[in-house]
Amino acid sequence: MKDKVYAQVYSMIRTFPEGLIDALKYFSKVGYDGVELIGTHTDGLSREEFLQLLKDLNLKVIAVHSIGSVEDMKYAKAMGVKYLSSDCHPQTKTREEILGICSELNQKAASFQEYGLKMILHNHADEFTWVKGEEGKTRIYDLLLENTDPDLVAFELDVGWAAIAGADVVDYVRRYPGRFPVIHVKECNRVYKTEEDLEHFPKRIFNAGLPRNPETGVPILTEEQKADLYETRNWNCGLGNGIIDWKALVEVADAQGCEAYISEREYYHYAGSDGTAACCVQLDYDFLRSL
């Protein structure tokens, strides 16, 4: 997998900007071709110094998640970014409501294009639930794919979240060629049994009126809440030890022009790992290079 092995910095530091420089140095040491960033944090460096660091580490930045200001979009382009990753998290499920979301996404993506950037839509499990009244027939993700402009909106298929929702990820890439320039690499060891299994942000935690960090906007969790949240992600087992057919997925994704496989890890305590982020980053890299 030459020049296509990337990592989402979330795998090392979650959503906290502190430690970003050390994480980038580690990704470079392991051998990753590049990264996907969260925001335009520089961990204390000037933007010019940060650009030089990326160059020195020989890390390409193919995408950035969670930005939207004009200034940040210009800076992302200066970093060589091609894609801006956006979430959807649909709270409504009727066909009419989802089509409205598609229209909004097209408009937002057009504003990205003004700065030479393209939207990629990153999924969790929500997007693979059924459209209301079309259960067993049409998933929300189908409507998103079929009603967004291919020239404006691409998709960053997170195969782990899709798989736990019961979707056939290989079939999706095959049926919608050209829509998936990047794949979010994530293993899954089971299909959901209850609706709670699909929650990216469990209601029992995030409906508690959590305080937020005034600088980052990230919810502030107690240690108990952090542990609870972490355990909800234990479906993310070691790559190759779950239900995803990686050989078939890479074959069909490469055939339709996939540019990067971006490893993003939700959980560290699986067989073969010592339970640290660093170990998992290495193991995920080794698996991707073997494909």
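Our structure is the block above this text.
What you see is a predicted model, and the numbers here were worked out from it, not measured in a lab.

Draft legend 1. Structural view of the overall build of the chain. Helix and strand counts for the chain stand at twelve helices and eight strands. Taken over the C-alpha trace, the chain has a radius of gyration of 18 Å; the compact-globule value for 291 residues is 19 Å, and the two agree within 12%. Seen along its three principal axes, the alpha-carbon backbone of the chain occupies a region of about 55 × 45 × 45 Å. Every one of the 291 residues in the chain was classed for burial, and the buried ones make up 53%. Relative to all contacts within the chain whose residues are 6 or more apart in sequence, the contacts with residues 24 or more apart total 76%. Carbon together with sulfur atoms contributes 50% to the accessible area of the chain, which is approximately 13,200 Å² in total. When the 32 positive and 47 negative side-chain charges of the chain are each reduced to one mean point, those points stand 3 Å apart.

Draft legend 2. Seen up close, the pairing of strand β4 (residues 83–87). Of all five residues making up β4, four are buried, and the element is well covered by its neighbours. Where strand β3 (residues 60–65) and β4 come together, three bridges link them in parallel fashion. Residue pairing in the sheet places Val 64 in a bridge with Leu 84 of β4. One crossover worth recording links β3 to the parallel β4 by way of helix α4 (residues 70–78), and it is right-handed. Summarising the sheet, β4 and strand β5 (residues 118–122) pair through five bridges and their orientation is parallel. Its bridge partner being in β5, Tyr 83 is matched across the sheet by Lys 118. Once the chain exits β4 it traverses helix α5 (residues 95–113) before rejoining the sheet at β5, and the crossover so formed is right-handed.

Draft legend 3. Just α5, in detail. For α5, with 19 residues, the first-to-last C-alpha span of 27 Å sits near the 27 Å given by 1.5 Å per residue. Inspection of α5 places Ile 98, Ile 101, Cys 102, Leu 105, Asn 106, Ala 109 and Phe 112 among the buried residues, and these make up the whole buried set. Down the axis of α5, the smallest arc covering the buried residues is 145°, so these residues share one side. Along α5, exposed side chains directed more than 90 degrees from the buried face belong to Glu 96, Glu 104 and Gln 107. On its buried face, α5 is in contact with α4, β4, β5, α6 (140–147) and β6 (153–158).

Draft legend 4. Highlighting the layout of surface pockets. Of the volumes computed, that of the largest pocket is approximately 1,100 Å³. Considering the residues around the largest pocket, the lining is formed by 38 residues, among which Tyr 10, Arg 14, Thr 15, Phe 201 and Val 218 are closest to the centre. Only β2 (34–38), β4 and α10 (223–231) provide two or more residues apiece to the lining of the largest pocket. Of all the elements, α10 adds the most residues to the lining of the largest pocket, at four residues. Its volume calculated, the second largest pocket comes out at about 410 Å³. Lining the second largest pocket are 14 residues, and of these Gln 91, Asp 126, Glu 199, His 200 and Lys 203 lie nearest its centre. Its residues placed into classes, the lining of the second largest pocket shows four nonpolar, five polar and five charged.

Draft legend 5. Broad picture of the nonpolar core. In this structure, Leu 24, Leu 37, Leu 144, Leu 157 and Ile 183 are the most contacted members of the largest nonpolar core, which totals 81 residues. Dropping the residues within four chain positions of it, Ile 183 is found in contact with Leu 157, Val 159, Val 173, Leu 249, Ala 253, Cys 258, Ala 260, Tyr 261 and Ile 262.

Draft legend 6. Highlighting the environment of Ile 243. Locating Ile 243 in the fold gives a position in the loop between α10 and α11 (246–255). Residue Ile 243 is classed as partly exposed on the basis of its relative accessible area, which comes to 45%. Each C-alpha atom of the pair Ile 243 and Glu 215 lies 39 Å from the other, and the pair is 28 residues apart in sequence.

Definitions and cut-offs
- Residue indices begin from 1 for each chain and proceed along its sequence in written order.
- Under the rules for a predicted model, residues below a pLDDT of 70 receive no local features and side-chain atom pairs below 80 are neither given nor counted, while totals for whole chains, interfaces and linings still include all residues.
- Note that the side-chain values use all heavy atoms of the structure and ignore hydrogens as well as water.
- Labels follow the DSSP assignment, with helices taken as runs of H or I lasting at least four residues and strands as runs of E lasting at least two, numbered in each case from the N terminus.
- We compute the radius of gyration over the C-alpha atoms and compare it with the globule rule, which gives 2.2 Å times the number of residues raised to the power 0.38.
- Partly exposed describes any residue whose relative accessible area lies between the buried limit of under 20% and the exposed limit of over 50%, with all areas from a 1.4 Å probe on protein chains only and scaled to the type maximum.
- Two residues form a contact once any of their heavy atoms are found within 4.5 Å.
- Note on areas: Shrake-Rupley with a 1.4 Å probe; residue coverage comes only from the protein chains shown.
- The convention is simple: Lys and Arg are positive, Asp and Glu are negative, and His and the chain ends are not counted.
- The location of each charge is read from NZ of Lys, CZ of Arg, CG of Asp or CD of Glu.
- Two strands qualify as a pair provided DSSP detects at least 2 bridges between them.
- Consider the strands pointing away from the viewer: the crossover is right-handed when the path from the first strand over the helix to the second runs clockwise.
- Here a helix's expected span is defined as the number of its residues, less one, multiplied by 1.5 Å.
- Regarding the arc, it is the one traced by the directions from the helix axis to the C-beta atoms.
- Only protein atoms enter the 1 Å grid, on which a cavity is a set of points fitting a 1.4 Å probe that cannot get out and a pocket is an open set with protein on both sides within 12 Å along at least 5 of 7 lines, lining residues being those with an atom within 4 Å of a point.
- Grid points are joined across faces, edges and corners, and a volume is the space filled by probe spheres set on the points.
- Gly is placed with the polar residues, together with every amino acid not listed as nonpolar (Ala, Val, Leu, Ile, Met, Phe, Trp, Tyr, Cys and Pro) or charged (Asp, Glu, Lys and Arg).
- Here, nonpolar core refers to any group of buried Ala, Val, Leu, Ile, Met, Phe, Trp, Tyr and Cys residues whose side-chain atoms link them within 4.5 Å.

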